[in-house]
Amino acid sequence: MECNYLLIGTKPWSDLMPFFNLVTMVREDRQLLERRLLQRWLSHGYSGDAARAKVDSNDLVNADIVLNESRGAQLILRSRQSSPGRAVQAEAADR
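Attention here is on the structure that accompanies the text.

Calculation criteria
Residues numbered from 1 in each chain as written. Predicted model: local features only at pLDDT ≥ 70, side-chain atom pairs only at ≥ 80, totals over all residues. Heavy atoms only, no water. Salt bridge = Lys/Arg side-chain N within 4 Å of Asp/Glu carboxyl O. Helix = DSSP H or I, 4+ residues; strand = E, 2+ residues; numbered from the N terminus. Buried < 20%, exposed > 50% of the residue type's maximum accessible area, 1.4 Å probe, protein only.

## Quick word on the pattern of salt bridges
- Considering all chains together, one arrives at six salt bridges under this definition.
- Here Asp64 and Arg30 are joined by a salt bridge, their closest N and O atoms 2.7 Å apart. You can see Asp64 sitting in helix α2 (residues 48-69) and its partner Arg30 sitting in helix α1 (residues 30-43), a full 34 residues away along the chain.
- Overall, Asp64 belongs to the partly exposed group, its relative accessible area being 25%.
- Residue classification places Arg30 among the partly exposed positions, given a relative accessible area of 32%.
- Residue Arg40 pairs with Asp59 through a salt bridge whose shortest N-O separation is 3.5 Å. Placement of Arg40 in helix α1 and of Asp59 in helix α2 is noted, with a sequence separation of 19 residues between them.
- Residue classification places Arg40 among the partly exposed positions, given a relative accessible area of 31%.
- Taking the relative accessible area as the measure of exposure, Asp59 reaches 10% and is therefore buried.
- Each member of the salt-bridge network shares a partner with another, and the members are Glu34, Arg52 and Asp56.

Now the structure itself:
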């Protein structure tokens, strides 16, 4: 989710939009995102409780900001786990 802050519709992030020719965003189902984040921290050696605390107190808070406040994407990408049989699913974004 890191670079998706560039799409947030408030300053200072919104000041960058004129510099982009094409704006894409990777979006995933929140439950899928939560599972991936939890697995990431577990794979880094965090205990289950510590991984859960990290996901709940930081990662999902930031993900919700990005998912709810991003603007301006022309193309939305979803991984194949959201659309079986495809590497990536692309859709035109509502503008």
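Next comes the rest of the account.
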